[in-house]
Amino acid sequence: MQVKVKDCSRCKKSRVIFKNQKVGEEKFQYCEQCWNILNREKVKEKRKIKREKKRETITEKKLDAIFSKLVREIYPSYCHSSKVPIQVEGSHCAHLISRNNRCVRWDLRNCYPTTPQENMFNQLHVIQLAKRLKEYYGIDIDDWESTAKQEVCKLTLTERKEMYDIFRDGLERTLSLKRSGADKHYFLLLREEIIIKTKKVL
């Protein structure tokens, strides 16, 4: 039987076609040698991406950004100070105890979604956030402040990366719960899981 040869899409030589591939609306055909080369290149690229992810430096700014997004997604969509409805985009992540305290800066029990006006211009908004702390977690503000003062926290580069991964995973799972229309109980369970994980790092 005579074997038909065709032009390989990569080397452009007339050879026996080993593999056909369709990318979008385009069709490609490769000889065995070129197909093996393409596969090796894919493996190298995956390894390169993996190495770059490991080397990625997570700054406090990056950590703040993903944590803020998580806070504004994982809590109910209303201002936790004024209780008016809010959208995730344009809302703020407000801290009960100042973000200068790194022991609670990235703690979900210390941060809640608010309007920009409440967070920036109403100094009394922390009184309302203290009520949310008690409402969600059963913690009195005096106990919370006392615990925060007793601890000194400083994250290493590795710990920042661990925290970032926890928040990224939590955010993805939060968005998945939202898409599925999950009950608020599941968001509470997820918040508690994230809190436990972050405390292990800190």
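Scroll up for the structure.
Conventions we followed
- Residues numbered from 1 in each chain as written.
- Predicted model: local features only at pLDDT ≥ 70, side-chain atom pairs only at ≥ 80, totals over all residues.
- Heavy atoms only, no water.
- Helix = DSSP H or I, 4+ residues; strand = E, 2+ residues; numbered from the N terminus.
- Rg over C-alpha atoms; globule rule 2.2 N^0.38 Å.
- Buried < 20%, exposed > 50% of the residue type's maximum accessible area, 1.4 Å probe, protein only.
- Contact = heavy atoms within 4.5 Å.
- Areas by Shrake-Rupley, 256 points an atom, 1.4 Å probe, with all protein chains shown as cover.
- Lys, Arg positive; Asp, Glu negative; His and termini not counted.
- Charge placed at Lys NZ, Arg CZ, Asp CG, Glu CD.
- Pairing = 2+ DSSP bridges.
- Disulfide = S-S within 2.5 Å.

A.B. asks: Could you clarify how one ought to interpret the overall build of the protein chain in this entry?
C.D. replies: If you tally the helices and strands in the protein chain, you get 7 helices and 6 strands. The linear arrangement of helices and strands in the protein chain, starting from the amino end, is β-β-β-β-α-α-β-β-α-α-α-α-α. Computed over its C-alpha atoms, the radius of gyration of the protein chain comes to 25 Å, more than 25% above the 17 Å expected for a compact globule of 202 residues. Overall, the C-alpha framework of the protein chain stretches about 85 × 35 × 30 Å when taken along its three principal axes. Counting all 202 residues of the protein chain, 36% fall into the buried class. Sequence-distant contacts, at least 24 apart, represent 61% of the contacts inside the protein chain between residues at least 6 apart. Summing over all exposed atoms, the protein chain offers an accessible surface of approximately 13200 Å²; the carbon and sulfur share of this is 51%. With 45 positive and 28 negative side-chain charges, the protein chain shows a spacing of 9 Å between the two charge centroids.

A.B. asks: How should the pairing of strand β3 (residues 17-23) be read in this particular structure?
C.D. replies: The side chains of a regular strand alternate between the sheet's two faces. Pairing analysis gives 6 bridges linking β3 to strand β4 (residues 26-31), with the strands arranged antiparallel. In the strand pairing of β4, Q21 is matched with F28. Counted along the chain from β3 to the antiparallel partner β4, the turn is 2 residues long, and its residue G24 has a positive phi close to 65 degrees.

A.B. asks: I would appreciate a short explanation of the state of the cysteines in the present structure.
C.D. replies: In this structure the tally under the stated criterion is 1 disulfide. The disulfide that involves C103 links it to C153, with 2.2 Å between the sulfurs. What sets the handedness of the C103 and C153 disulfide is the S-S torsion sign, and at about 105 degrees it is right-handed. Placement of C103 in the loop between β5 (92-95) and β6 (111-114) and of C153 in the loop between α5 (141-150) and α6 (157-179) is noted, with a sequence separation of 50 residues between them. Across the pair, exposure class does not vary: C103 and C153 are buried alike. The thiol of C11 is not disulfide-bonded; the next cysteine sulfur, from C8, is found 3.7 Å away. There is no disulfide at C31, and the cysteine sulfur nearest it, in C34, is 3.5 Å away.

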